[in-house]
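# Report on the structure
Take a look at the letters that make up each chain.
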Amino acid sequence: SAYDCIRDVRRNYDIGMTGVGKIMSAGVLILASGTKGQRRAGKNCRFMLHSISGGNFGSLKELQNDLKEVKWYQNRYIKSLSDETSMPEAKIRNIFRRKSDTYFDADQALEWGIIDEVI
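This text gives an overview of the structure that appears in the document. (Residues numbered from 1 in each chain as written. Predicted model: local features only at pLDDT ≥ 70, side-chain atom pairs only at ≥ 80, totals over all residues. Heavy atoms only, no water.)

### Quick look at the environment of Ile-23
- Within the element layout of this structure, Ile-23 appears in strand β2 (residues 22-24).
- With 51 residues separating them along the chain, Ile-23 and Gln-74 place their C-alpha atoms 18 Å apart. (Helix = DSSP H or I, 4+ residues; strand = E, 2+ residues; numbered from the N terminus.)

### A short note on the sheet that holds strand β6 (residues 117-118)
- Taking strand neighbours across the sheet as the criterion, the three strands line up as β1-β3-β6 in an open arrangement whose pairing is parallel. Two strands bound the open sheet, and with one partner strand each, they are β1 (17-19) and β6.
- When β1 meets strand β3 (residues 39-41), the two strands line up parallel, connected through three bridges. Directly across from Thr-18, in β3, lies its bridge partner Arg-40. (Pairing = 2+ DSSP bridges.)

### Description of helix α4 (residues 89-97)
- Within α4, the full set of buried residues consists of Ile-92, Ile-95 and Phe-96. Down the axis, α4 shows its buried residues gathered within 95° of arc, on one side only. (Buried < 20%, exposed > 50% of the residue type's maximum accessible area, 1.4 Å probe, protein only. Arc of directions from axis to C-beta.)

Here it is in C-alpha cells:
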C-alpha cells in the first residue's frame, strides 16, 4: 500500500506532507503518515473520514469472506490512523459508527494530530 511505502521511506528520510483542497478517506491517513512536525494543511482545506465500504455480490460464502476482509481493512486503518495521530482507536471507531461521512476543517485536523501546522 501507499501507506506502507511511506512508512518504509520515512525510516531513512523525512517526508513533508502538505494538504490542500480536499483530503478525504484514505487520504487522511496518507497525510498523517508524513514525518511528525512536517505535516501541514491550508486553512481552507476540508477533511473527511468515513468507515471502509464495500459493494460486493455473489454467494453467501463469498459475501461472508468479503465481509471478513472489509473488517480486517477497517481494523488496520483504525490502528494505523491512531498510530499516526493523537486520536485513540476508540475515538476513530466512534467517528465511524456515525454511518455517514464526517467532515472537518484544518483546525480540527490539527487538534486530532493529523497535521502539525495550519498554513
